[in-house]
Amino acid sequence: MTDRPLTKNIRPGQPPLDLKGYEKAGGYAAVRKALGGMAPKDVTQVIKDSNLRGRGGAGFPTGVKWSLVPIGPDAPRPKYLVVNADEMEPGTFKDRLLLEGDPHQLVEAVIVAAYAIEAETAYIFLRGEYILAAKLLMQAIAEARAAGYLGNNILGSGYNLDLHLHTSAGRYICGEETALLNSLEGKRATPRAKPPFPQISGLWGKPTIVNNVETLSNIPHILVNGPEWFKGLSHTPNGGTKLYGVSGKVKRPGVWELPMGTTVRELLEEHAGGMRDGLKLRGIIPGGASTDFLGEEHLDLQLDFDTVGKAGSRMGTGTMIILDDQTCPVGFVHSLIQFFAHESCGWCTPCREGLPWTEKILAALEAGQGEMADLDRLGKQVKFMAPGMTFCPLAPGAMSPLGSGIKRFREDFERHIREKRCPWR
Amino acid sequence: MATIYIDDKPYEVKDGQNLLQACLSLGLNLSYFCWHPALGSVGACRQCAVKQFKDENDKQGRLVMSCMTPASANIRISIGDAEAKEFRQDVIEHLMTNHPHDCPVCDEGGECHLQDMTVMSGHHDREYRFKKRTHINQDLGPFINHEMNRCIQCYRCVRYYRDYAGGRDFNVFASHDNVYFGRHEPGTLESEFSGNLVEVCPTGVFTDKTQKKHYTRRWDLQVAPSICVHCGLGCNTTPGERYGQLRRIRNRYNGEVNGYFLCDRGRYGYEFVNSAQRVKQVVYRRRDDAGVETVEKAVKGDVLRYLARLLADGATAIGIGSPRASVETNFALRALVGPENYFTGMTALETRLVSSMIEILKTGPARTPSLDEIGDADAVLVLGEDVTNVAPMMALRLRQSVRNEPMAVAHKIGIPDWNDAAVRGAVQTKKGPLFIATPAATKLDEIATSTYNAAPDNLARLGYAVANAIDPEAPTGDRVSAEVRQLAETIATALKGAKKPLVIAGASCANECIIQAAANIVWALCKTEHAAALSFTAPECNSVGAALLGGRSLDEAIQTVRDGRADVVIIAENDLYRRAKRADVDALFEHAKHVVVIDHSPTATTAKAEVTLPAAAFPEGDGTFVNNEGRAQRFIQVYVPEGDVQESWRWLRALRVATGKADVAEWATLDLALASVEEAVPALSGVRNCAPPPAFRALGQKVPRQAHRYSGRTAMRANINVSEPKIQEDPDSPLTFSMEGYRGELPASLLPSFWAPGWNSAQALTRFQEEIGGPLRGGDPGVRLIEPAAGSAPAYFGDAPKVFAVRKNDRLAVSLYHIFGSEELSALSPPLAERIPALYAALSPSDAEALEVANGDTVELRLNGAAWRAPVSVRPDLPRGTVGVPAGLAAAEFLSAPAWISVEKVSAT
């Protein structure tokens, strides 16, 4: 048994395992186990017991999510499993590693998960720019189908599953699960109101589960090795391993599979090699762009859903972006807000109108045209786009680095206004 | 009912609503944009935020969108909460960041929901200091003006146009703060219901282009409740006038009839009233012995005396009424000439068809539904009607009815009806049963379960087969093909399986068997204890009223004149050339010594009249129409026309007085005229009650036609006379041509338009409804004159017609209808005339092949000596052996039925 289940087959610089290699490394054992006699609800129970939480950022317990899907002969049909592989969060490149490094692992996970919810059809919704991943996934799907892991009567179990790859036309909002479903239906990628949740009325109005790539990739291993093994991989009560990433001006940016609860310090200093020479750490956005800044005082924070939450931020995708002392924090935040303003779907007022206004203020600050009143307005914008005010979490996510950034770097914001310029330029 | 707490006060609200509906139903002020009562909730604009508390001890609460939150029992919310108010103000401030603030030059100004909501929210200081984004506008055709910069992105337009009205050539494009609502390229909007965008849009993105040509602010318009004259459905409208010119038509909500919307014919067909060609003066046409004609304007008194002499004892006068003239006018004509000399103005065939419909509805057990109830049907069969082009608003209702059956999917998983996006997500493209059997393809086919195109007799045969499939005792035709039998079985199963099955038929195919087949189907359903409804379209705005009054047909009138049994012919609001063969009408003019025509618009008939009397068009007078449902509805004078123009019934009354048949006191008011109607014609009993009498007063006051901000009262006529004239008198209604009067709660039939303090746009309607989407307070306008004979079991109509037999040389004419063009009066309106299709003769591919013609080749149609040339349009959906002729556009002989027409290719010379 490995302590790096997700990446054990991944060899940097080498192509991923083909079907034979993957099977030789123990692959498709979970499919055999699940379809070879487990009832769908038993599969769900194992995942529930493992306390696997969604790796897309929200950390919702996966088994609980699955258990909300109607099961049995009276359930609406068809049902769908959708893989959210639309990895577009700024600073996040963890799913890409799994997609390019071990596509069969995902295909196997899809079969097991789809079986657990009795889905007939599964889709992988893939970020359009992940061209290599698309190629590798298509190969893996074709191999799996040829080997009888996909299609009708899989391994003689009587279970049928079709798996389709859909490459996105490219909007960040498609990473939001309901916008993803609309996009998959050929509609505008606008999020849907919940309730109804996708488990009840999802793709084409049918019960649907949308899971992140990393989340799903854990499934075969949990099924084969058991929930207790999974929990034991972690340093904290949030079980399993996690793909952690570091970007920014560090010596060795990258992504690593480490026990859940690895500290910021270990990640930054041991794995990423510390800050580049001459640079000092000023801030950390722990999980993609949509999370609150942490600082030097959080170096010994264990990175998991609960602990980071208690520290006032979110682990999110677990792929941190580092702000150093020679990068303008205002420009840093501006760059993020520019992205979010551009990626707003345009559905709800606070996001559609609030983000561009916010972006224009930050641009003005950077251009030396800021006014002191702008800081109050930025504060109001953070409140205006708080969770619950908007239709979906995009704008509240965008406000996380801004709101925490203003608190943490207020002096930098004020200097831009006082000096009528960006001090870093 | 549930108790909810708003700002700590308990309120009783109806179950199944959302909080926004509940608050508005209670008369509370709460701002909103993306929610629309007919479109439901989507939670996009975030304008309706309120604070929700867990219980009475929760002081913190959290903001929720009232439109997306069920008004469940014991929920506690606050509208006045400081945080909620601030948030609503912030939303407006953000919506306004890119708004051009061009209210002074915006057509929406003064009736703008955005203005109202801005004031309601309290936002006034603008902090945004950056550049506004701008858009390029599109030419959307003759009806609608586009000004995208004003857009606040509420998404109502696209939800209305696509999701509700089924349009496809309009969408939302791009994303973030650059979203754009329009067409993929500039061009005329294709939907027959595009004009509703003007009222759906909460600001001035979509405005009325016809009104723009003679623009007037809402508060400067004089208005009165009116009824649309452009089809038989009787949609309620609010015409607006200034300076004697009709400026626009707006929807007037009637929960039972048109609800929130109008069709484009009804909204934009009004300009005929403003035409320079209008008949506005008494015209006398003299012909000397040499046959030379002189036309002169005559003095009203002289002409009345002249006509009185003509009508003096000894001379026989006959009257020809009209299905587009009011009940009062037709009745007054009948009273003038005597019932034995009165003719309906409809052809024998049309009289028979409409009378047959009324007879079926009166003697049979099936109820005729209101337009609103048509939207509730869950399985529909359309037999012979191109609903979109004949009764457009019925088509808009049918587009909603197909949602009823699949809605069960959403109900099953607990989605409330108002949660629009979720309902549509769950239902997807599923449609309930709708079967369409018509001579040629129709626009509604796109939402139909299945369609069947055949010659009229074969449509009737399908109907008989359906009735037979429901009840084997119902007769069916001989030699019914397996295909038709199978289709009939499918339809019968769907109708039987429905809670509210509906059959729609009408006079469009000019085929009585179709009407009888429709009756057999619903009677078979009723017999097997299904609550089946039967709706007939009516050809014109008062076809049913004219038929209820009764009288002989136009054919008989022509014969009477030909036989020399009439000296004077009086025609009220009827262009005989649109109905009867040219040769026959010519013969009438030849044989009649004197022809008097009363009409408001010039027609081929007025052109030949000896005396033409100028009649009031609908906004210039009062009267009553009876719609296809048998609902009598009053239209009230909007403005007093100039000169001698007056209601046709007033002209006829004047003739009665002039001839000494009545004294001046008779019918001095509309109400007195209606009293006579009710006394003389029991079938019309009830017409008097469709609006309160002229003596009605609310707290001692009349009802003002003018807004309290109506400007220029003392200045409007100052170039003529600086003295302010006396207010014009209105003997016919409790309305007054004034700004002063009662503005509170009124009987709905007297409400000129909807306005409430703080609510200047069409959205003020919520203040007048018993509940959101429900009836107007005190009941929706109109009195139903036709009710079924509950529990009756009439004998089925006899055998079905024989299979349609193709003839070797001649082809059967079938009328093809056009929303723009087939109706007489709207076709006279220039903006609408732009949309009238070019003439054509439609042939099936096999007929075209037989005649060796292709699209665009010219053919000549010949019938009884009349000839008409038109380019060929080859239509694969048209049955073999028929020729499709555009209704209202081709000469009447080719539209009479059954017309077997010789069609020949015209060789290019």
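None of these values were measured; they are calculated from a predicted model. (Residues numbered from 1 in each chain as written. Chains lettered and ligands numbered in written order. Predicted model: local features only at pLDDT ≥ 70, side-chain atom pairs only at ≥ 80, totals over all residues. Heavy atoms only, no water.)

S.K.: Go over the domain arrangement of chain B with me, naming the residues and quoting the values.
M.R.: Along its sequence, chain B is carved into domain 1 (2–95), domain 2 (367–531) and domain 3 (810–905). On a C-alpha basis, the centroid separation for the pair domain 1 of chain B and domain 3 of chain B is 56 Å. (Domains from an automatic or database assignment.)

S.K.: Kindly report on the pairing of strand β1 (residues 80–85) of chain A, identifying the contributing residues and their values.
M.R.: All names here are of chain A. Of all 6 residues in β1, 6 are buried, a share of seventy percent or more. Where β1 meets strand β2 (residues 121–126), 6 bridges bridge the pair, whose relative direction is parallel. Bridge pairing in β2 links Asn 84 to Phe 125. In this structure, β1 lies alongside strand β4 (residues 208–212), joined through 5 bridges in parallel fashion. Opposite Val 83, over in β4, you have Asn 211 as the bridge partner. (Buried < 20%, exposed > 50% of the residue type's maximum accessible area, 1.4 Å probe, protein only. Helix = DSSP H or I, 4+ residues; strand = E, 2+ residues; numbered from the N terminus. Pairing = 2+ DSSP bridges.)

S.K.: Explain the side chain of Glu199(B) residue by residue, including any values.
M.R.: On the secondary structure map, Glu199(B) appears in helix α5 (residues 196–200). Among residues more than four places away in sequence, those in contact with Glu199(B) are Arg250(B), Asn251(B), Arg267(B), Ala762(B) and Gln763(B). (Contact = heavy atoms within 4.5 Å.)

S.K.: Help me get a handle on the packing of aromatic side chains, residues and values and all.
M.R.: With the rule as written, the count across this model stands at 38 aromatic pairs over all chains. Between Tyr161(B) and Phe170(B), the aromatic rings sit 5.1 Å apart at their centres with planes inclined by 40°, giving tilted as the arrangement. The ring of Trp424(A) carries Arg415(A) above its face, with NZ or CZ at 6.0 Å from the centroid. Directly above the aromatic system of Tyr710(B) lies the positively charged group of Arg242(B), at a separation of 5.0 Å from the ring centroid. (Phe/Tyr/Trp six-rings, centres within 6.5 Å; stacked < 30°, edge-to-face > 60°. Lys NZ or Arg CZ within 6 Å of the ring centre and 35° of its normal.)

S.K.: Could you give an account of the pairing of strand β21 (residues 501–505) of chain B, naming the residues involved and the relevant values?
M.R.: All names here are of chain B. With 5 of its 5 residues buried, β21 lies for the most part within the structure. Residues Pro 501, Val 503 and Ala 505 line one face of β21 and the alternating positions Leu 502 and Ile 504 line the opposite face, and both faces are buried. As paired strands, strand β18 (residues 379–383) and β21 are joined by 4 bridges and run parallel to one another. Among the inter-strand pairings, Val 380 is bridged to a residue of β21, identified as Leu 502. Crossover handedness for the path β21 to helix α18 (residues 512–527) to strand β22 (residues 533–536): right-handed. (Right-handed = clockwise from strand over helix to strand, strands pointing away.)

S.K.: Mind laying out the interface of chain B and chain A, listing which residues take part and the relevant values?
M.R.: Opposite the 40 residues of chain B that make contact, chain A presents 41 residues. Both sides of the chain B and chain A interface together cover about 3300 Å² of buried area, and 55% of this is carbon and sulfur. When the area that chain B buries against chain A is broken down by residue, the three leading residues are His94(B), Arg129(B) and His176(B), summing to 21%. One can count 5 salt bridges joining chain B with chain A. Linking Glu86(B) and Lys383(A) is a salt bridge whose minimum nitrogen-to-oxygen distance equals 3.6 Å. At the boundary of chain B and chain A, one finds 22 residue pairs in polar contact (both at pLDDT 80 or more). Breaking the side of chain B that touches chain A down by element, the ones donating at least two residues are β4 (62–65), α2 (82–95), β7 (171–173) and α15 (420–427) of chain B. (Buried area = accessible area lost by both parts, 1.4 Å probe. Salt bridge = Lys/Arg side-chain N within 4 Å of Asp/Glu carboxyl O. Polar contact = N/O pair within 3.5 Å; in protein donor to acceptor, adjacent residues only side chain to side chain.)

S.K.: Outline the packing of helix α13 (residues 329–343) of chain A against helix α14 (residues 349–366) of chain A, supporting the account with residue identities and numerical values.
M.R.: What describes two packed helices is the angle between their axes and the distance between those same axes. Residue and element names in this part refer to chain A. At their nearest, the axes of α13 and α14 sit 9 Å apart, and the two run at 150° to each other. Comparing their axes, α14 and α13 come out roughly antiparallel. Of the two elements, α13 crosses α14, and the hand of that crossing is left-handed. Contacts between α13 and α14 involve Val 330, Gly 331, Val 333, His 334, Ile 337, Gln 338, Phe 340 and Ala 341 on the former and, on the latter, Leu 355, Pro 356, Thr 358, Glu 359, Leu 362, Ala 363, Leu 365 and Glu 366. Split by residue class, the contact of α13 with α14 holds 10 nonpolar, 4 polar and 2 charged. (Axes fitted to C-alpha atoms, helices over the stretch in contact; angles between N-to-C directions. Parallel < 35°, antiparallel > 145°, perpendicular 65-115°, else oblique. Left-handed = near helix turned anticlockwise from the far one by under 90°. Nonpolar A, V, L, I, M, F, W, Y, C, P; charged D, E, K, R; others polar.)

S.K.: Would you mind going over the pattern of salt bridges in detail, with residue names and values included?
M.R.: Opposite charge on two side chains makes pairing possible when the charged atoms of those side chains draw close. Summed over the entire model, instances satisfying the criterion amount to 89 salt bridges over all chains. Between Glu824(B) and Arg324(B) there is a salt bridge, and its shortest N-O distance comes to 3.0 Å. On the criterion of sequence distance, the pair formed by Glu824(B) in the loop between β31 (810–816) and α24 (830–833) and Arg324(B) in the loop between β16 (317–320) and α9 (327–337) is long-range, its members being 500 residues apart. For Glu824(B), a relative accessible area of 12% translates into the label buried. Measuring nitrogen to oxygen at the nearest pair gives 3.8 Å for the salt bridge that ties Lys802(B) to Asp478(B). Taken as a pair, Lys802(B) in the loop between β30 (783–784) and β31 and Asp478(B) in the loop between α16 (456–470) and α17 (482–496) lie far apart in primary sequence, 324 residues in all. The class for Lys802(B) is exposed, based on a relative accessible area of 59%. Linked through salt bridges whose partners overlap, the residues forming this network are Arg55(A), Lys94(A), Asp95(A), Glu214(A) and Lys242(A).

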